[in-house]
Every structure is written in C-alpha cells, then in structure tokens.
Amino acid sequence: MKKSFICSNCGRPVSFSAPGTHHRNHCPYCLSSVHVDNFPGDRKSSCGGKMYVLGKVLKPDGEEMLIHKCEKCGITKKNRIAGDDSFKLVEGLAVLDETALGL
Ligand SMILES: [Zn+2]
Ligand SMILES: [Zn+2]
C-alpha cells in the first residue's frame, strides 16, 4: 500500500493519512485533486481528470467544505477539509451558494 502520492498540480509529495478525514483526496498545499472516486474513497472512477477548487460552502453546523470541479468531465464534488490543508488558501476561497451548485 502506497503511503503517499505526488500532487499532479504542484508536484509536492502528499501523505495519504490526513488529520480530520479518512480519505485524503486533495493536496494540502494547493488544494488540487484528481477525479478518482465515484464515492469518497472508492477509487472507482476512470476519469482521472484534474480537479481544481472552485470555492467552499458552509454547512449549517459551520463546517467548511471544499468544492472541487473536474477539468475533464465537469463534475463538482464536495470534500471535507483536512486538518493540515493550507489555512491561508482555504481562508481566501469564495463562499459559494450550495443550492445554486445543485449539490
Ligand atoms: Zn498540490
Ligand atoms: Zn472527471
């Protein structure tokens, strides 16, 4: 089992284990992701497109979730923020309207 991967966007090594989430699915340094899951953690998608961060949404309990969009197939996905994600980047993201995104 691989313990880390190289981010396809910024090229930095990223550990699979992340505080606050069971499924590391994005890079904590640049917040980019790759479309590999149909459902979180299943690694069943054959798309493989690069997913970039559109912004974030706020859950009713105040938790922030990242919104990723796939460059290749256009799908948008909600992702939990990991404990070691770049706080500066997350802070600077636009807050999106979840209902307008159709999530
Ligand atoms: Zn990265
Ligand atoms: Zn895709």
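Not measured: the values here are computed from a predicted model.

Phi at Leu31 takes a positive value of approximately 70 degrees, unusual for a residue other than glycine. Mapped onto the secondary structure, Leu31 falls in the loop between β2 (13-15) and β3 (33-34).

The next thing to look at is the sheet that holds strand β6 (residues 76-80). Here we have four strands laid out as an open sheet, ordered β3-β4-β5-β6, and antiparallel in their pairing. Each edge of the open sheet is held by one strand with a lone partner, namely β3 and β6. Sheet analysis places β3 next to strand β4 (residues 50-58), joined by two bridges and oriented antiparallel. Counted as the bridge partner of Ser33 is Met51 from β4.

Moving on to the pairing of strand β5 (residues 64-70). Most of β5 is tucked away: five of the seven residues are buried. Two strands pair when backbone bridges link them, and β4 and β5 are joined in this way by seven bridges, in the antiparallel orientation. Paired with Lys56 across the two strands is Leu66, which belongs to β5. Counting the residues that bridge the hairpin from β4 to β5 gives five residues, and of these Gly62 lies at a positive phi of roughly 95 degrees. Inspection of the sheet shows β5 paired to β6 by five bridges, in the antiparallel sense. Of the residues in β6, the one forming a bridge with Met65 is Arg80. Hairpin connection from β5 to β6: five residues lie between these consecutive antiparallel strands, with Gly74 at a positive phi of about 80 degrees.

Before going further, it helps to spend a moment on the coordination of the zinc ion (ligand 1). At this site the zinc ion (ligand 1) is bound by Cys7 (SG), Cys10 (SG), Cys27 (SG) and Cys30 (SG), with donor distances of 2.2 to 2.3 Å. Coordination of the zinc ion (ligand 1) draws on donor residues from a single chain, spaced C-x2-C-x16-C-x2-C in sequence. Here Cys27 lies in the loop between β2 and β3 and Cys7 lies in the loop between β1 (4-6) and β2, a separation of 20 residues in the sequence. With respect to burial, Cys7 and Cys27 carry one shared label: buried.

Let us now look at the nonpolar core. Within soluble globular proteins, side chains that are nonpolar generally end up buried alongside one another. Residues Leu31, Leu66, Ile81, Val90 and Leu93 constitute the largest nonpolar core, which totals five residues. Ignoring sequence-local partners within four residues, the contact set of Leu31 consists of His26, Val53, Leu66, His68, Asp85, Ser86, Leu89, Val90 and Leu93.

What counts, and where the lines are drawn
Position labels on residues start from 1 in each chain and follow its written sequence. Chain letters and ligand numbers both follow the written order, the letters beginning at A and the numbers at 1. It should be noted that, the model being predicted, local features are given only for residues of pLDDT at least 70 and side-chain atom pairs only at 80 or more, the latter also being counted only at that level, while totals for whole chains, interfaces and linings use all residues. Excluded from the side-chain calculation are hydrogens and water; included are all heavy atoms of the structure. Runs of H or I in DSSP of at least four residues are treated as helices and runs of E of at least two as strands, each being numbered from the N terminus. Here a strand pair is declared whenever DSSP counts at least two bridges between the two strands. Here's how the labels work: a residue is buried when its accessible area is under 20% of the maximum for its type, exposed when over 50%, partly exposed in between, all with a 1.4 Å probe on protein chains only. Water is absent from the atoms considered, so a metal site may look incomplete; donors are defined as N, O and S atoms within 2.8 Å of the metal, or 3.2 Å for Na, K and Ca. Among the buried residues, those of types Ala, Val, Leu, Ile, Met, Phe, Trp, Tyr and Cys that are joined through side-chain atoms within 4.5 Å form a nonpolar core. For this analysis, residues touch if any pair of their heavy atoms sits within 4.5 Å.

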